[in-house]
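# Structural overview
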Amino acid sequence: MGALSGIFTPFAISASALTAERLRMDVISNNIANANTTRTLEGGPYIRQRVVFAPRFDPAPTFAPLVAMMTPEGLPVGVRVTSIQKDPSSPRMVYDPGHPDANAEGYVAYPNVNEVNEMVDMISATRAYEANITAFNATKSMAMQALGIGK
Amino acid sequence: MIYPVAPTQSVDPMLILQKAMDSLAVQHEVVANNLANIDTPQFKRSVVSFQDKLKAALDINQPSDLWRTNPMHMPMAQKISLDGFKPDVTTIRETIGRNDGNNVDLEMESGILAENNLLYNSLADVTGRYIANIRHAISEGRQ
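Rules of the game
- Residues numbered from 1 in each chain as written.
- Chains lettered and ligands numbered in written order.
- Predicted model: local features only at pLDDT ≥ 70, side-chain atom pairs only at ≥ 80, totals over all residues.
- Axes fitted to C-alpha atoms, helices over the stretch in contact; angles between N-to-C directions.
- Helix = DSSP H or I, 4+ residues; strand = E, 2+ residues; numbered from the N terminus.
- Parallel < 35°, antiparallel > 145°, perpendicular 65-115°, else oblique.
- Contact = placed C-beta atoms within 7 Å.
- Nonpolar A, V, L, I, M, F, W, Y, C, P; charged D, E, K, R; others polar.
- Expected span 1.5 Å × (residues − 1).
- Buried ≥ 20, exposed ≤ 12 C-beta atoms within 10 Å, placed from the backbone.

### Details of the packing of helix 2 (residues 115-147) of chain A against helix 3 (residues 106-139) of chain B
Closest axis-to-axis distance for the helix 2 of chain A/helix 3 of chain B pair is 9 Å, and the angle between their directions is 10°. Classed by the angle they form, the pair helix 2 of chain A and helix 3 of chain B counts as roughly parallel. Where helix 2 of chain A approaches helix 3 of chain B, its residues A:A131, A:T134, A:A135, A:A138, A:S141, A:M142, A:Q145 and A:A146 are matched on the opposing element by B:L106, B:S110, B:L113, B:N117, B:Y120, B:N121 and B:A124. For the contact of helix 2 of chain A with helix 3 of chain B, the residue count by class is nine nonpolar, six polar and no charged.

Written out as structure tokens, the structure reads:
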């Protein structure tokens with residue numbers, strides 16, 4: 001990362017966000033795809049997953065003008081996904097005695113996935129992705145202009 | 001009564017353009033980082049300021065060891081140095097944007113990004129024209 005510092009750093013920053021948002025989108029898609037999965041390898045219904053974002057740091061920056069924004073962890077350069085965690089909320093119980101996964105009382109445990117929430121998260125991820133694409137294109141435009149000086 | 005040491009002072013315009021473009025590049029990097037962390041809980045946005053600082057650094061009336069106390073005194077060139085000039089990066093920790101403690105505003109960052117981009121491109125254009133003028137002076141004189 002240190003070697004990339006300077007004019008190309010914003011590319012890496014935006015790219016890290018694009019990767020993170022795409023992973024978030026993958027997880028959301030997986031949640032929606034498994035919204036009605038009642039059996040998994042671990043047993044029980046599918047459990048909703050969430051991504052956890054944290055700032056990404058470059059511990060050894062070489063770009064001197066940015067030293068002012070240094071933190072004890074290093075120079076902030078984008079975002080990373082620290083983990084994918086399971087949503088601890090309880091499963092949705094639906095009365096369906098004929099279902100092969102129904103319990104003794106006739107209730108089936110469905111995943112704790114709410115399609116509406118997932119759709120909202122999906123829109124949020126799309127917008128964030130677009131914002132970072134815009135930033136990426138702005139970086140490219142600036143780099144092209146700088147390369148064109150003196151032509 | 002104290003008079004400015006140097007009523008006219010020229011600083012290499014290329015140097016000013018270079019410092020301004022470097023500062024804008026830093027600002028762009030900071031905005032890109034804010035946008036990258038738009039969904040990071042507890043992230044606080046940073047801002048860059050350099051215009052006032054650059055203006056102050058170029059001010060011929062800035063405090064100096066040399067002072068003229070009479071307007072009839074000979075003006076002397078005061079050295080204006082931009083060495084070590086760098087923009088200020090500040091993290092805004094006071095504002096609360098959303099419930100997750102993140103204070104990045106997509107519209108505001110997009111606005112700064114667009115403005116910054118235009119300003120950088122125009123400075124690149126000005127730098128190019130300045131070089132073109134020099135080239136003109138070098139080559140066209142022969143004809």
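### Topic: the interface of chain A and chain B
The interface is formed by 33 residues belonging to chain A together with 32 residues belonging to chain B. Breaking the side of chain A that touches chain B down by element, the ones donating at least two residues are helix 1 (9-33), strand 1 (49-58), strand 2 (75-86) and helix 2 of chain A. For the side of chain A that touches chain B, the leading source of residues is helix 2 of chain A, giving 11 residues. Class assignment for the residues of the side of chain A that touches chain B results in 21 nonpolar, 11 polar and one charged.

### Regarding helix 3 of chain B
With 34 residues, helix 3 of chain B should cover 50 Å at 1.5 Å per step; its first-to-last C-alpha distance of 49 Å lies within 8% of that length. Within helix 3 of chain B the residues assigned to the buried category are B:E109, B:L113, B:N116, B:N117, B:Y120, B:L123, B:A124 and B:T127. Check the buried side of helix 3 of chain B and you find it contacts helix 2 of chain A together with helix 1 (13-36) of chain B.

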